[in-house]
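Descriptive analysis of the structure
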Amino acid sequence: MGKIIAIANQKGGVGKTTTAVNLSACLGDLGKKVLVCDMDPQANATDGLGIDKDTLEYSVYDALINDMPVSVLIKKTESKNVDVIPSGTDLSGAEVELVDEEDREKKLKKQLDTVKDQYDFIIIDCPPAVGMLSLNGLVAADSLLITLQCEYYALEGLGRVTNTFQLVKQHMNPNLQLEGILLTMFDGRTKLSLEVEEEVRSHFKKKVYKTMIPRNVRLSEAPGFGKTIIQYDARSKGALAYRALAKEVRKANG
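Residues numbered from 1 in each chain as written. Predicted model: local features only at pLDDT ≥ 70, side-chain atom pairs only at ≥ 80, totals over all residues. Heavy atoms only, no water.

**Re the overall build of the protein**
Heads up, the condition is: Helix and strand assignments follow DSSP, with helices taken as H or I runs no shorter than four residues and strands as E runs no shorter than two, numbered in order from the N terminus. This radius of gyration counts C-alpha atoms alone. The globule rule is 2.2 Å times how many residues there are, raised to the power 0.38. For each residue, the accessible area found with a 1.4 Å probe, counting protein chains only, is set against the maximum for its type, and the residue is called buried under 20%, exposed over 50%, and partly exposed in between. Note on contacts: a residue pair qualifies if any of its non-hydrogen atoms lie within 4.5 Å across the two residues. Method for areas: the Shrake-Rupley scheme with a 1.4 Å probe, in which residue coverage is limited to the protein chains shown.
Looking only at helices and strands, one finds eleven helices and seven strands in the protein. In terms of C-alpha radius of gyration, the protein reaches 17 Å, essentially the compact-globule figure of 18 Å for 254 residues. Dimensions of the protein, computed from C-alpha atoms along their principal axes, come out at roughly 50 × 40 × 35 Å. Per-residue burial for the protein yields a buried fraction of 53% across its 254 residues. Here the contacts in the protein between residues at least 6 apart in sequence split such that 76% fall between residues at least 24 apart. If you sum the accessible surface of the protein, you get close to 11,800 Å²; carbon and sulfur atoms cover 49% of it.

The following block contains the structure:
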């Protein structure tokens, strides 16, 4: 039975999709079978895994709105052991369309449960907002991985996302656990990065990953080529960091 991990933060630009794509690729490289579920209408994870969102006939939208079996939506990627349920621009309309649906926040869970035993990990890339798509991701997940940029407003944003986590756990998914907090865009030369790290580790202790993702130009460049960081530049600092993170995640999940 696979572990479903939702990657979320209500703030955009914090390395959420970068982490979904590259953690998945590195877990796959370690021999784990991984499914990425792209729940962001921007479809950046879909693009980052080399799937052209503009030529897709169907996407995760069809699973949520038209009850199309998720198994027929799964696409193979060029990354070893990594499949994807792609997203597309039509997903943005799902927020409104789901409002009148019965058990609307459980749509994704019901779909992923049908393929859960075929994968070691299912990684959900949630959109940067608290809406019906994010709630579907959190209700479907066994655990939440929070990406946190090492900047001034990061801690304020962390408070909001942990509050959402508690509300979902209390009212919708009592089994939801905190998988971990990942510090991204870390620059050890700056006082601010070090202060953010110190504060987060003092509050969340062992829930903060030892691995931190550095600021790295190669990480920013890779999605433009539809490649993961280990395909684009396997020796870069970004690639080494995500490999280390994948080993931490693998170890934590037996």
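**Overview of the packing of aromatic side chains**
The test is simple: Geometry of aromatic contacts follows a simple scheme: Phe, Tyr and Trp rings, the Trp one being its six-membered ring, pair when their centres are within 6.5 Å, and the pair is stacked under 30 degrees between planes, edge-to-face over 60, tilted otherwise.
Enumeration over the complete set of coordinates arrives at one aromatic pair. Here the aromatic rings of Phe-225 and Tyr-232 are separated by 5.2 Å at their centres, their planes lie at 25 degrees, and the arrangement is stacked. For Phe-225, a relative accessible area of 55% gives the class exposed.

**Some points on helix 1 (residues 16–29)**
Helical geometry: 3.6 residues make up each α-helical turn, so side chains three or four residues apart lie on a common side. Here is the rule: Under the convention used throughout, the expected extent of a helix is 1.5 Å for every residue step, that is, one less than its residue count.
Compared with the 20 Å implied by 1.5 Å per residue over 14 residues, the 20 Å span of helix 1 between its first and last C-alpha is a close match. In terms of burial, helix 1 is largely enclosed, as twelve of its 14 residues are buried. Among the residues making up helix 1, those that are buried are Lys-16, Thr-17, Thr-19, Ala-20, Val-21, Asn-22, Leu-23, Ser-24, Ala-25, Cys-26, Leu-27 and Gly-28.

**Let's talk about the pattern of salt bridges**
Rules: The term salt bridge refers to a pairing of a side-chain nitrogen on Lys or Arg with a carboxyl oxygen on Asp or Glu at a separation within 4 Å.
Counting across every chain of the model gives 17 salt bridges. A salt bridge links Lys-107 to Asp-67, with the nearest nitrogen and oxygen atoms 3.4 Å apart. With a gap of 40 residues between them, Lys-107 in helix 5 (residues 107–112) and Asp-67 in the loop between helix 3 (60–65) and strand 3 (75–76) connect regions that are remote in the sequence. Here Lys-107 falls in the buried class, since its relative accessible area comes to 13%. For Asp-233, the salt bridge goes to Arg-218, with nearest N and O atoms at 2.9 Å. Of the two residues, Asp-233 sits in the loop between helix 10 (229–232) and helix 11 (237–252) while Arg-218 sits in helix 9 (residues 217–221), which places them 15 residues apart along the sequence. Connected through salt bridges with shared partners, the residues Lys-16, Asp-40 and Asp-125 form a single ionic network.

**Describing the state of the cysteines**
Covalent bonding between the sulfur atoms of two cysteines defines a disulfide. Quick note on the threshold: We call a pair of cysteine sulfur atoms a disulfide whenever their separation is within 2.5 Å.
Counted by the stated rule, this structure contains zero disulfides. With no disulfide of its own, Cys-26 lies 19 Å from the sulfur of Cys-150, the closest cysteine sulfur. The class for Cys-26 is buried, based on a relative accessible area of 2%. Left unpaired, Cys-37 is separated from the closest cysteine sulfur, that of Cys-126, by 8.5 Å.

**A few points about the pairing of strand 4 (residues 82–85)**
Spelled out, the test is: When DSSP finds at least two bridges between two strands, those strands are taken to pair.
Residues of strand 4 alternate between two faces, with Val-82 and Val-84 on one and Asp-83 and Ile-85 on the opposite face, all of them buried. Two elements, strand 2 (residues 34–38) and strand 4, share four bridges in a ladder whose sense is parallel. By the bridge assignment for strand 4, Val-36 is matched with Val-84. Looking at chain direction, strand 3 and strand 4 are connected through two bridges and run antiparallel. The partner of Lys-76 across the bridge, within strand 4, is Asp-83. Connecting the antiparallel pair strand 3 and strand 4 is a turn made up of five residues, with Asn-81 showing a positive phi of about 65 degrees.

**Section: the side chain of Thr-46**
Residue placement: Thr-46 occurs in helix 2 (residues 44–48). Excluding residues that lie within four positions of it along the chain, Thr-46 makes contacts with Asp-38, Ile-51, Lys-53, Leu-56, Pro-86 and Ser-87.

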